[in-house]
Amino acid sequence: MKIKFLATTQSADQYAFSENKVVAYEGDHREEYDLAGFPTGGVFEGSEGLPSGVSVIRGVERVDGELYVTLTQAVIAGQYPGRKAHWRESPIIDAADYDPSICYVIPTGMAGVNDYEIVQGVDVSGNTGWTVRKIETQE
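The shown structure was predicted, so the numbers you read here are calculated from the model rather than taken from an experiment.

Draft legend 1. Structural view of the nonpolar core. Of all hydrophobic cores here, the largest spans 32 residues; its most connected members are I3, F5, Y15, V22, V56, V69 and L71. For this core, the secondary structure elements donating two or more residues are β1 (2–8), β3 (21–26), β5 (57–63), β6 (66–74) and β11 (128–134). In terms of residue count, β6 provides more of this core than any other element does, three residues in total. Not counting the four nearest positions on each side in its chain, V22 is found in contact with M1, Y15, A16, F17, E31, E32, Y33, L35, V69 and L71.

Draft legend 2. Here's a closer look at the packing of aromatic side chains. Within the structure shown, the criterion is met by seven aromatic pairs. Seen from their ring centres, Y15 and F17 are 6.3 Å apart, and the 25 degrees between their planes marks the pair as stacked. According to the relative accessible area criterion, Y15 is buried, its value standing at 6%. Clustering of aromatic rings is evident, with ring pairs tying together F5, Y15, F17, Y98 and Y104.

Draft legend 3. Fine view of the pairing of strand β2 (residues 14–18). Looking at chain direction, β2 and β3 are connected through five bridges and run antiparallel. Along β3, the bridge assignment pairs A16 with V23. Count of turn residues in the β2/β3 antiparallel hairpin: two residues, of which E19 carries a positive phi of about 45 degrees.

Draft legend 4. Focus on the sheet that holds β2. Pairing in this open sheet of three strands is antiparallel, and the strands run β2-β3-β4 from one edge to the other. In this open sheet, the two edge strands, each paired with only one partner strand, are β2 and β4 (29–34). Here the average twist between neighbouring strands, direction ignored, is 20 degrees. Strand direction decides the pairing type here: β3 and β4, joined by six bridges, are antiparallel. Residue pairing for β4: Y25 is matched across the bridge by R30.

Draft legend 5. Here's a closer look at the sheet that holds β5. Taken in spatial order, the four strands make up an open sheet running β5-β6-β1-β8, and their pairing is mixed. Where the open sheet ends on each side, the last strands, each with one partner, are β5 and β8 (93–94). Here β1 runs beside β8; their pairing, made up of two bridges, is antiparallel. Paired with K2 across the bridge in β8 is D94.

Draft legend 6. Broad picture of unusual backbone geometry. If you check the backbone angles, E19 has positive phi at about 45 degrees while not being a glycine. Mapped onto the fold, E19 is located in the loop between β2 and β3. Overall, the relative accessible area of 74% leaves E19 in the exposed class. With phi around 50 degrees, D64 is a residue other than glycine that occupies positive phi space. If you trace the backbone, D64 turns up in the loop between β5 and β6. A relative accessible area of 80% places D64 in the exposed class.

Draft legend 7. A look at the environment of L71. Structurally, L71 is set in strand β6. Owing to a relative accessible area of 0%, L71 belongs among the buried residues under this scheme. As for L71 and I57, which are separated by 14 residues in sequence, their C-alpha atoms are 4.7 Å apart. Among residues more than four places away in sequence, those in contact with L71 are I3, K4, F5, L6, Y15, F17, V22, V56 and I57.

About the cut-offs
- Residues numbered from 1 in each chain as written.
- Predicted model: local features only at pLDDT ≥ 70, side-chain atom pairs only at ≥ 80, totals over all residues.
- Heavy atoms only, no water.
- Core = buried A, V, L, I, M, F, W, Y, C linked by side-chain atoms within 4.5 Å.
- Buried < 20%, exposed > 50% of the residue type's maximum accessible area, 1.4 Å probe, protein only.
- Helix = DSSP H or I, 4+ residues; strand = E, 2+ residues; numbered from the N terminus.
- Contact = heavy atoms within 4.5 Å.
- Phe/Tyr/Trp six-rings, centres within 6.5 Å; stacked < 30°, edge-to-face > 60°.
- Pairing = 2+ DSSP bridges.
- Axes fitted to C-alpha atoms, helices over the stretch in contact; angles between N-to-C directions.

Next up, the structure:
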């Protein structure tokens, strides 16, 4: 299975994959999506959401027998002074290479900035997600 991520304000906490299944975790809740029956040329019409209502699967395609699944990854506003970080979708990766501690979506608006990092953060409303911030220097 191949996967990619879209930047959204809400998402599953993490995912797991096995053959044609995607498992999304939200807190103590586990939601399994079995995509084995998704046909080549099929049209994805949506999936059941998590208890919070978040729809984590945003697209499914089967190409030459291989599943391509678009998932969500939570982001919050950038926290780099004077810069607005926006996000674009991730590259496609093998599901076997997925690591929940990695931000796959890509920040934009940071051209020419070399002292930023991508970290998990909390915004002023208490939402959590990946964000861009200035690297803290030790003096």
